[in-house]
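The chain contents come next:
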There are 2 protein chains.
Amino acid sequence: MNIELICSGSELLTGKLNTHASFIGSKLNDIGLNLTLVTTVADRKKEFSQVLKDAIKRSSVIIVTGGLGPTFDDITVETVSEILNIKTYKDEAVQKAICQYFEKKGIKNPTQNNERQSYIIEGAKVLDNRFGTAPGQMLHFSYLQDENKKVRKTIFLLPGPPGELHPMFEEYVLPFMRSYQVNIKKTLIIHICGMAESLVDEKIKPTIDYLSNDDNIEFAILAHNYLIDVKVSVSGENELIIDDILKNINQEFINVLGDNIYGYGDDTLESVIQKMLIETKRTISVAESCTGGLLASKLTNIAGSSLCFKQSVVTYSNEAKIQILNVKQETLNQFGAVSRETANEMLNGILNLSKAEYAVSITGIAGPDGGTNEKPVGLVYIGTSFNGNNEVTKCMFLGTRQDIRDRATNCALDLIRRLILNTRNKRIAK
Amino acid sequence: MNIELICSGSELLTGKLNTHASFIGSKLNDIGLNLTLVTTVADRKKEFSQVLKDAIKRSSVIIVTGGLGPTFDDITVETVSEILNIKTYKDEAVQKAICQYFEKKGIKNPTQNNERQSYIIEGAKVLDNRFGTAPGQMLHFSYLQDENKKVRKTIFLLPGPPGELHPMFEEYVLPFMRSYQVNIKKTLIIHICGMAESLVDEKIKPTIDYLSNDDNIEFAILAHNYLIDVKVSVSGENELIIDDILKNINQEFINVLGDNIYGYGDDTLESVIQKMLIETKRTISVAESCTGGLLASKLTNIAGSSLCFKQSVVTYSNEAKIQILNVKQETLNQFGAVSRETANEMLNGILNLSKAEYAVSITGIAGPDGGTNEKPVGLVYIGTSFNGNNEVTKCMFLGTRQDIRDRATNCALDLIRRLILNTRNKRIAK
């Protein structure tokens, strides 16, 4: 079954971010249904009509967002009415509800414009809007699909503002869509770090190829700044069988990817780190240079981080490195601020200050300036330490200043994650 | 002329936010062109082919994003090749560039998969990807529009990751699109902070109303986490007249908004702060608690920040506040970590450590837990200091943990911006 979304609104073509596809797509996906197509079109009758006609031809369910407002460019209701050749009428109850909404907000006389919003397509169910004036509409209609085959289709008209759309979608559209839910669908998102996307693909390809004839199993792979997500969706009638398939696929992936898998679903590198630290009652401290606080802000992003995050310093200048972290002037002179030696002394400095069990240090060149042949933009040294054992990793990151900072932060999170994973059962020597 | 965008990627139909339409729509709008239609489609050949065929029929310029990666579901190049009936060839130079990209990253042997990315459609111009492996492609082709009328059309194939797409769009697509520009259009983006959106709206409404009959002038207002942008676009044939209109509108806005305007265009709060600090050869240091490094990471986000950013500490625990910043144990006991007094001592501590001319301190409750009736979630004290004069501002922010951290960071940036603005001509007492 095809489900299609049409987002009407010229502003969506000139820079305004469209969040409807993401919201609706995700909600439908959760119940095992998928959007087939999303079209964004200007609120001009000619273009909107054509898109609507095509959608009605192709799909069984059409969801239209936007164009229900009170102004001249709100053309959704009249266009749908014309294309389906079904009249509209002025709904007194709706008109009354609009007036009440305005009264609540202390506005006595709604403008004439708002009267436009009380026109309903004959046969449509009115969908109450608790957060705005424009009601939604749900219409079942019959459509001459082929020469002489009539089929029943459904169109939803929903308001554009997310604050009105979201509750209306949950209240009216989702329950209806559930009636189309034939199968159960479950999705497993596997998070991977520390491997190139192409290598992950190569490793999991045998599993994917082996299952490629099964239409009930879908794979997707997505990479972003050193993090890779693999999404596995399994549909079927029997939940136990679905769980079993997912479990097996996951086991296959664990076999080939090992501890490059850092988590599942809502897990993030930082949440996984925080969980392990709290479980082992250990703490972490951070000394940053080129990432300028990004690593600390990630590690404190989740509620409860105060239990394991001890402190962080951003020592951007040499002066600060010397003064706060006790990095030696001669180390900076001999090896430079971006060096294995400095990263190591930064580790010692932050450990000395904070007495945490784990520490991370980052020093590098985020660019765009400051690079040399010997030390190019993107060169970053990441130090990690457990129980006084320091290790420094040399990394090269490509991209913009922002990319380099993001990637260095993710890489540092992954390095400390691996270190905690491998040392969490180790005793601490006092 | 129709310009159409096709975003390919199943993940965009199942919940992933699509930012391409917003980025490309806004960039085109800036030069007076508009996207006619945006279609989001799964990366399955059948659906993608149909959407592509329809788009080629309707539009003169087709921009396709996504599906250029190395994995099985990356089908853009082969599908475009099939539909246009133009062969692909393996481009040795592209293959070499991909290998070099991997070498830079320290990977010796790219997988076979990456070889897929070196296939180019015959006649297409290769668009270099400086931030990833997949090159873009620009192809001019002739199309039999009506019975016997051939027209020239253009298709762009661009990579999906925003970090790769954005620079490629600016470098290759925009210059080409400028050749279609009939009118001149100039846009002024005015950044405002420290006022509610409704108040900004009230202040600028007279100007907007006065100009509302002029179709060549457009206004848009956008608010996000305490920052407000007003976008003014003016179209016309004469650049001097356009500049004059923009100048006048800007002056009107300055009259009513004053130094709530913090910048224009690419300016950010942090870039404005950095500029003023570098001009006056003064420095800043930061002590953060609930924002956990976010403020520092913003202040070091721009190249050159090492000239004015001295250092920062994230003192999440009381212990760290005492040890690093010399906050008194009795202050914490008597007033608590989230208090005017602690914010003040944090200021003194970071100034003492860093000897910067300016300092900011933040201590608050980001939630979701940790709030009380007396000190609810969202309560944040922000300290600012110049030349030893400390001031602490009490703030209440609403929203999620992330919202509160973002808003506190923006508010702190605005407070220090105003302080620098008002003191930049003042001498420093030694």
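You'll find the structure just up there.
The sections below set out a description of the structure shown in this document. Here the structure is a predicted model, which is why all the values come from computation and not from measurement.

### Topic: the sheet that holds strand 9 (residues 184-193) of chain A
Strand pairing within a sheet occurs via backbone hydrogen bonds; the two strands may be parallel or antiparallel.
Residues and elements named next belong to chain A.
Here's step 1: With antiparallel pairing, the four strands of this open sheet are ordered in space as 10-11-9-12. Where the open sheet ends on each side, the last strands, each with one partner, are strand 10 (217-224) and strand 12 (261-264). Between one strand and the next, the sheet's axes are offset by a mean angle of 20°, whatever the strand orientation.
Here's step 2: As paired strands, strand 9 and strand 12 are joined by three bridges and run antiparallel to one another. Considered in strand 12, the bridge of Ile190 is made with Tyr264.
Here's step 3: Along the sheet, helix 6 (residues 197-210) makes contact with strand 9, strand 10 and strand 11 (227-236), crossing strand 10 at roughly 170°.

### Some details on the packing of helix 2 (residues 45-58) of chain A against helix 3 (residues 76-84) of chain A
Residues and elements named next belong to chain A.
Here's step 1: Between helix 2 and helix 3, whose axes approach to 10 Å, the crossing angle comes to 55°. With respect to each other, helix 2 and helix 3 are oriented oblique. Crossing of helix 2 over helix 3 shows right-handed handedness. Touching Lys45, Phe48, Ser49, Leu52, Lys53 and Ile56 of helix 2 are Thr76, Glu78, Thr79, Val80, Glu82, Ile83 and Leu84, all from helix 3.
Here's step 2: Per-class residue counts for the contact of helix 2 with helix 3 are six nonpolar, three polar and four charged.

### Observations regarding the interface of chain B and chain A
Here's step 1: The interface of chain B with chain A comprises 70 residues on the first partner and 73 residues on the second.
Here's step 2: Interface area, chain B with chain A, both sides summed: about 5,600 Å², of which 56% is carbon and sulfur.
Here's step 3: Taken as a group, B:Leu13, B:Phe72 and B:Tyr316 account for 10% of the area that chain B buries against chain A, more than any other trio of residues on that side.
Here's step 4: Taken together, the connections running from chain B to chain A amount to two salt bridges.
Here's step 5: Here A:Lys310 ties to B:Glu319 by a salt bridge, and the two come within 3.7 Å at their closest N and O atoms.
Here's step 6: In terms of residue count, strand 14 (residues 309-315) of chain B provides more of the side of chain B that touches chain A than any other element does, six residues in total.
Here's step 7: Of the residues in the side of chain B that touches chain A, the class split is 26 nonpolar, 31 polar and 13 charged.
Here's step 8: Here five bridges tie strand 14 (residues 309-315) of chain A to strand 14 of chain B, and the two strands are oriented antiparallel to one another.

### Quick word on helix 8 (residues 239-257) of chain B
Residues and elements named next belong to chain B.
Here's step 1: Spanning 19 residues, helix 8 covers 26 Å between terminal C-alpha atoms, matching the ideal 27 Å at 1.5 Å per step.
Here's step 2: Listed in full, the buried residues belonging to helix 8 are Ile242, Leu246, Ile249, Asn250, Phe253 and Leu257. Projected down its long axis, helix 8 carries its buried residues within an arc of 105°, all on one side. The outward face of helix 8, more than 90 degrees from its buried face, is lined by the exposed residues Leu240, Lys247 and Asn255.
Here's step 3: Two to three positions downstream of the cap, the backbone nitrogen of Leu240 sits 2.8 Å from a side-chain oxygen, assigning the N-cap of helix 8 to Asn238.
Here's step 4: Within two residues after helix 8, Gly258 carries a phi angle of roughly 55°, on the positive side.

Calculation rules
Residues numbered from 1 in each chain as written. Chains lettered and ligands numbered in written order. Predicted model: local features only at pLDDT ≥ 70, side-chain atom pairs only at ≥ 80, totals over all residues. Heavy atoms only, no water. Pairing = 2+ DSSP bridges. Helix = DSSP H or I, 4+ residues; strand = E, 2+ residues; numbered from the N terminus. Axes fitted to C-alpha atoms, helices over the stretch in contact; angles between N-to-C directions. Contact = heavy atoms within 4.5 Å. Parallel < 35°, antiparallel > 145°, perpendicular 65-115°, else oblique. Left-handed = near helix turned anticlockwise from the far one by under 90°. Nonpolar A, V, L, I, M, F, W, Y, C, P; charged D, E, K, R; others polar. Buried area = accessible area lost by both parts, 1.4 Å probe. Salt bridge = Lys/Arg side-chain N within 4 Å of Asp/Glu carboxyl O. Expected span 1.5 Å × (residues − 1). Buried < 20%, exposed > 50% of the residue type's maximum accessible area, 1.4 Å probe, protein only. Arc of directions from axis to C-beta. Polar contact = N/O pair within 3.5 Å; in protein donor to acceptor, adjacent residues only side chain to side chain.

Functional significance is not addressed by these values, which are geometric in nature.
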